Amino acid sequence: MTDVWEPRAVADREAAVAEAVVRLTRAARDRQPCAPVRDVLGATDISLAYAVQQRVVADRIAAGARVVGRKIGLTSESVQRQVGVDRPDFGVLLADMDVSALPAVPSERLLQPRVEAEIAFVLAADLDDDDLDIERVRSAVAYGVAALEIVDSRVADWDIAITDTVADNASSGLFVLGGERVELKAFEPRDVTMRLYADGELASEGNGTACLGDPLAALLWLARTAREFGDPLRAGQVVLSGALGPLVPTPPGVTVRAEMSGLGTVTATFSDAVESANSSDSSDSSDSSKEQG
């Protein structure tokens, strides 16, 4: 089926981007999920959805946010089935999304969070070559780290098509990095096995092959795609590979722990509902300028 947005005028496309940006920004600011944005973007126009994402991220940067990397989303068939899409996407990681150093994940910053266990790659070199291949990508990785990505959606009830999640910065929320840094010569990403526990109960499991067959293949896809968008991956950036298993809901108070072969463990406890409510109740108007994830 032909994309319904293709014949439309540039002015119509600009109006669609503006409306989607307003809707998603308001949902994040007010902590109230919004209706899907595919009603203005269409369900298949991915380029238009990325235009929204770029505008949302640019507004965050203008307000003082700092880019620290990217996330690859929807790399696992099981996760694609869970959210009803059929292809990977990517989003931008900002510094305030990294909550690794906090004693608890701030539940009050989240709307409808879910967690997935991933490999985080930290880059030692830029990936801006014209002839990127798997070996070039491998050589650019400084080390891998066990990671938890806390995905979130500004769209109510996770009622998303591909354009909804792309526009919403690939449903990015927060992330937690483990403490063990492992060079690629010491582990093979596609061979990593993962078990994710919620309050001690096994909630998700999988392995590296669930991530586009190989997390390094996912990284290669992102490197090529980011370069095509004119914003290539850079040395020092963190890249979240995509899920190694199904998503798990993370209500306030839950503790999640991922065990990943060759990479160790990563754990996060979500602040409870009382703490979240107190944090919201105690905030004043000066908090409105605080960066949000």
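Please read all numbers here as calculations on a predicted model, not as lab measurements.

What to know about the overall build of the chain
- Within the chain, the secondary structure is distributed over 8 helices and 11 strands.
- The buried share of the chain, reckoned over its 293 residues, is 51%.
- Here the analysis covers contacts within the chain between residues at least 6 apart in sequence; of these, 76% occur between residues at least 24 apart.
- For the chain, the exposed area adds up to about 12,700 Å²; of that, 49% sits on carbon and sulfur atoms.

Some words on the side chain of Asp214
- Structurally, the position occupied by Asp214 is in the loop between strand S7 (201–207) and helix H7 (215–228).
- With no salt bridge to any partner, buried Asp214 finds its closest opposite charge in Arg190, at an N-O distance of 4.3 Å.
- For Asp214, the contacting residues outside a window of four places in its chain are Pro189, Arg190, Gly208 and Thr209.

Remarks on unusual backbone geometry
- A positive phi angle, close to 60 degrees, is found at Leu74, a residue other than glycine.
- Under the relative-accessibility criterion, Leu74 is labelled buried at 10%.
- Phi at Asn169 takes a positive value of approximately 50 degrees, unusual for a residue other than glycine.
- With respect to the helices, strands and loops of the structure, Asn169 is situated in the loop between helix H6 (162–167) and strand S5 (174–177).
- Here Asn169 falls in the buried class, since its relative accessible area comes to 8%.

Let's talk about the nonpolar core
- The biggest cluster of nonpolar side chains holds 71 residues, and the ones touching the most others in it are Leu41 and Leu148.
- The greatest single-element share of this core, amounting to 7 residues, is contributed by H7.
- Among residues more than four places away in sequence, those in contact with Leu148 are Val115, Glu116, Ala117, Leu174, Phe175, Val176, Leu196, Val256, Ala258, Val266, Thr267 and Ala268.

Examining the sheet that holds strand S6 (residues 193–198)
- The strand order across the open sheet formed by 4 strands is S7-S6-S10-S11, and the pairing between neighbours is antiparallel. Taken across any chain shown, the strands that pair with only one partner, and hence form the sheet edges, are S7 and strand S11 (264–269). Taken pair by pair, the neighbouring strands of this sheet meet at an average axis angle of 15 degrees, ignoring direction.
- Pairing of S6 with S7 involves 6 bridges; the strand directions are antiparallel. Considered in S7, the bridge of Leu196 is made with Ser204.

Notes on H7
- With 14 residues, H7 ought to run about 20 Å at 1.5 Å a step, and its terminal C-alpha atoms sit 20 Å apart, in line with that.
- In this structure, the buried residues of H7 make contact with strand S1 (67–73), strand S2 (89–94), strand S3 (114–123), helix H5 (134–140), strand S4 (141–151) and strand S8 (238–240).
- Here H7 starts with a cap whose side-chain oxygen sits 2.9 Å from the backbone nitrogen of Leu216, and that cap is Asp214.
- The positive-phi residue at the C-terminal boundary of H7 is Gly230, with phi of around 80 degrees.

A word on the pairing of S4
- Of all 11 residues in S4, 10 are buried; the element is thus mostly enclosed.
- Where S3 and S4 come together, 10 bridges link them in antiparallel fashion. Bridge pairing in S4 links Glu116 to Glu149.
- Judged from the 4 bridges that link them, S4 and S5 form a sheet pairing that is antiparallel. If you follow Leu148 over to S5, its bridge partner there is Val176.

What counts, and where the lines are drawn
- Residues numbered from 1 in each chain as written.
- Predicted model: local features only at pLDDT ≥ 70, side-chain atom pairs only at ≥ 80, totals over all residues.
- Heavy atoms only, no water.
- Helix = DSSP H or I, 4+ residues; strand = E, 2+ residues; numbered from the N terminus.
- Buried < 20%, exposed > 50% of the residue type's maximum accessible area, 1.4 Å probe, protein only.
- Contact = heavy atoms within 4.5 Å.
- Areas by Shrake-Rupley, 256 points an atom, 1.4 Å probe, with all protein chains shown as cover.
- Lys, Arg positive; Asp, Glu negative; His and termini not counted.
- Salt bridge = Lys/Arg side-chain N within 4 Å of Asp/Glu carboxyl O.
- Core = buried A, V, L, I, M, F, W, Y, C linked by side-chain atoms within 4.5 Å.
- Pairing = 2+ DSSP bridges.
- Axes fitted to C-alpha atoms, helices over the stretch in contact; angles between N-to-C directions.
- Expected span 1.5 Å × (residues − 1).
- Polar contact = N/O pair within 3.5 Å; in protein donor to acceptor, adjacent residues only side chain to side chain.

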